[in-house]
Amino acid sequence: MKQLNMHLFTLIILFLVLAGCTNSKKTNESHVKTAVQKELFGILDDGTKVFAYTLTNANGFSMKVISYGGIITSIKTPDRKGNFDDIVLGYDDLEGYLEKNPYFGALIGRFGNRIAGGQFTLEGKTYTLATNDGNNHLHGGERGFDKVVWELKEAAVENGVAVTLEYLSPAMEEGYPGNLDVKVQYTLTNDNELIVDYHATSDQTTIVNLTQHTYFNLTGRESDILDHELMINAQKFLPVDSTLIPTGELRSVQGTPFDFTSFKRIGKDINADNQQIAYGLGFDHCWAIDQEKKGLNLAAAAFDAKSGRQVSVYTTEPGIQFYSGNFLDGTITGKGGKNYGHRSGFCLETQHFPNSPNQPDFPEVVLRAGDVYKSTTKYVFITKS
Ligand code: BGC
């Protein structure tokens, strides 16, 4: 009898322990429903499969990334009423991205932005790159990192969901020296942040300037972005010549259309009678971020009063290119049949300054063998009433 009681007692304890375990797991799951889903997105002409991963955080925010170009094809966040919308421009299928892509959502490299005349000199040797933007080199050339297939994998992180993208760019690809080993991680945290970590090494001295070319439209609708309010944390911007190459000057924004030191409607000064606005056909310039400290600094924030959505951008980079979608002209029909009209999306591209390899006074973009290139940008999504 005593023995039976002991068995019963042990069984009850075992049951309680097991029940406790399952319960705590259930509680966890009901709070945190993060998910990573993999699917085939399309197949390239040479038979290469392009995969997509959809990352969903604990609050239902989601983003989709494809292995072609490291492209972020969607980011879905709630408006102030809790309705989710896709707030980035792009296509529903691979064909769209292959046919005509003004860098929607893409990873950009090896050198984001322009290099004058497509030439630079490194350790006494002159390198010639493709001139794919008039006489200048733009966003890594004819087949930059936006057009290559990355190795896309799920990654384990503490507070959210993540994927890594890896690409080995062979020496002299697009004219750049050194085999460049690139790794980028996209993390969607449970604090509603998208963190982009860039990492690169080379076996020879080379140049690197990586960025992300997502076009945002925080309304999630087919509208222009002129009513968005923008703040750029910069007292100075980089004036350009008529081909959008910085002159080398860092000019005060004070009293110019380039003053976004406090929130201002993007549309307010976009058509101002100003030489720089004329060159950019609107805003297409780099600002020198006020770097208050080492590490991540606030670079910019954009707010859409209609939906209440705001995105704030923090970065370790010294510059941010604000491009107001001036070349979008209504000839692109994107996701869900949306027509992307003039200025229907804007980009906030964190980076080193354009044409740095030819401007000794700009922060250096040289990566030497054995050194590590590291850069981080964080986008924080919130809603405001
Ligand atoms: C550049 C624009 C260019 C656009 C292409 C931006 O990063 O600054 O001049 O037209 O990319 O989509």
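Residues numbered from 1 in each chain as written. Predicted model: local features only at pLDDT ≥ 70, side-chain atom pairs only at ≥ 80, totals over all residues. Heavy atoms only, no water.

- The protein chain carries the name Aldose 1-epimerase in an unreviewed UniProt entry, which gives Marinoscillum furvescens DSM 4134 as its organism.
- The UniProt entry for the protein chain carries this comment under Catalytic activity (unreviewed entry): "alpha-D-glucose = beta-D-glucose".
- The UniProt entry for the protein chain carries the following text under Cofactor (unreviewed entry): "Ca(2+)". (UniProt positions renumbered as here; feature names shortened; annotations may be inferred.)

## So, the sheet that holds strand S4 (residues 72–78)
Working step 1: As summarised here, the arrangement of the 5 strands in space is S1-S2-S3-S4-S5, forming an open sheet in which the pairing is antiparallel. Edge positions in the sheet fall to strand S1 (35–43) and strand S5 (84–86), since each has one partner strand and no second. This sheet shows a mean twist of 15° between the axes of neighbouring strands, independent of strand direction.
Working step 2: Where S1 lies against strand S2 (residues 49–56), 8 bridges are found, and the strand directions are antiparallel. (Pairing = 2+ DSSP bridges. Helix = DSSP H or I, 4+ residues; strand = E, 2+ residues; numbered from the N terminus. Axes fitted to C-alpha atoms, helices over the stretch in contact; angles between N-to-C directions.)

## Quick word on the packing of aromatic side chains
Working step 1: One pass over the structure, following the stated rule, counts 26 aromatic pairs.
Working step 2: Their ring planes at 90° and their centres at 5.5 Å tell us that Phe-258 and Phe-283 sit as a pair that is edge-to-face. Of the two residues, Phe-258 is situated in the loop between strand S20 (251–252) and strand S21 (264–265) and Phe-283 in the loop between helix H3 (275–280) and strand S22 (284–288); the sequence distance between them amounts to 25 residues.
Working step 3: A connected cluster of aromatic rings, assembled from ring pairs, spans Phe-41, Tyr-91, Tyr-97, Phe-104, Tyr-215, Tyr-323, Phe-327 and Tyr-340. (Phe/Tyr/Trp six-rings, centres within 6.5 Å; stacked < 30°, edge-to-face > 60°.)

## Here we look at the nonpolar core
Working step 1: Membership of the largest hydrophobic core comes to 59 residues, with the highest contact counts inside it found for Tyr-186, Trp-287 and Phe-322.
Working step 2: At 5 residues, strand S13 (residues 180–189) tops the list of elements feeding residues into this core. (Core = buried A, V, L, I, M, F, W, Y, C linked by side-chain atoms within 4.5 Å. Buried < 20%, exposed > 50% of the residue type's maximum accessible area, 1.4 Å probe, protein only.)

## Focus: the UniProt feature "active site" (unreviewed entry) in the protein chain
Working step 1: Summarizing the sequence annotation, UniProt attributes the feature "active site" (unreviewed entry) to His-213 and Glu-349 in the numbering used throughout. Across 137 residues in sequence, these annotated residues keep their C-alpha atoms within 6.1 Å of one another, forming a single compact spot.
Working step 2: Mapping His-213 onto the fold places it in the loop between strand S16 (211–212) and strand S17 (215–216).
Working step 3: In this view, His-213 contacts Pro-102, Tyr-103, Phe-104, Gly-105, Ala-106, Ile-108, His-139, Tyr-323, Cys-347 and Glu-349; residues no more than four positions away in its chain are not counted.
Working step 4: At 3.5 Å, the side chain of His-213 forms a polar contact with the backbone oxygen of Tyr-103.
Working step 5: Residue placement: Glu-349 occurs in strand S28 (residues 346–351).
Working step 6: Beyond its immediate chain neighbours, meaning those up to four positions away, Glu-349 contacts His-139, Thr-211, Gln-212, His-213, Gly-319, Ile-320, Gln-321 and Tyr-323.
Working step 7: Within the local environment of Glu-349, its side chain forms a polar contact with the side chain of His-213, the two groups lying 3.4 Å apart. (Contact = heavy atoms within 4.5 Å. Polar contact = N/O pair within 3.5 Å; in protein donor to acceptor, adjacent residues only side chain to side chain.)

## Describing the pattern of salt bridges
Working step 1: Taken as a whole and judged by the stated rule, the model has 15 salt bridges.
Working step 2: The salt bridge involving Arg-221 is made with Asp-85; its shortest N-O contact spans 3.2 Å. Placement of Arg-221 in the loop between S17 and strand S18 (229–232) and of Asp-85 in strand S5 is noted, with a sequence separation of 136 residues between them.
Working step 3: For Asp-85, a relative accessible area of 13% corresponds to the buried category.
Working step 4: Here Asp-269 makes a salt bridge to Lys-268, at a shortest N to O gap of 3.9 Å.
Working step 5: A relative accessible area of 57% means that Lys-268 is categorised as exposed.
Working step 6: The network of salt bridges with shared partners includes Asp-85, Arg-221 and Arg-309. (Salt bridge = Lys/Arg side-chain N within 4 Å of Asp/Glu carboxyl O.)

## Describing the site of the ligand
Working step 1: Residues in close proximity to the ligand include Pro-102, Tyr-103, Arg-114, His-139, His-213, Tyr-215, Leu-244, Asp-284, Gln-321, Tyr-323, Phe-327 and Glu-349, which together make up its full environment.
Working step 2: Pro-102 places a main-chain nitrogen or oxygen 3.1 Å from an oxygen atom of the ligand.
Working step 3: Tyr-215 places a side-chain nitrogen or oxygen 2.8 Å from an oxygen atom of the ligand.
Working step 4: Burial of the ligand by the surrounding chains reaches 94%, relative to a free accessible area of 310 Å².
Working step 5: In terms of residue class, the shell around the ligand is made up of 6 nonpolar, 3 polar and 3 charged. (Near = heavy atom within 4 Å. Areas by Shrake-Rupley, 256 points an atom, 1.4 Å probe, with all protein chains shown as cover. Nonpolar A, V, L, I, M, F, W, Y, C, P; charged D, E, K, R; others polar.)

## Side note on the environment of Phe-346
Working step 1: Looking at the secondary structure, you find Phe-346 in strand S28.
Working step 2: Under the relative-accessibility criterion, Phe-346 is labelled buried at 0%.
Working step 3: What Phe-346 contacts, discounting residues up to four positions off in sequence, is Thr-214, Tyr-215, Phe-216, Ile-225, His-228, Ile-266, Ala-302, Phe-322, Tyr-323 and Ser-324.

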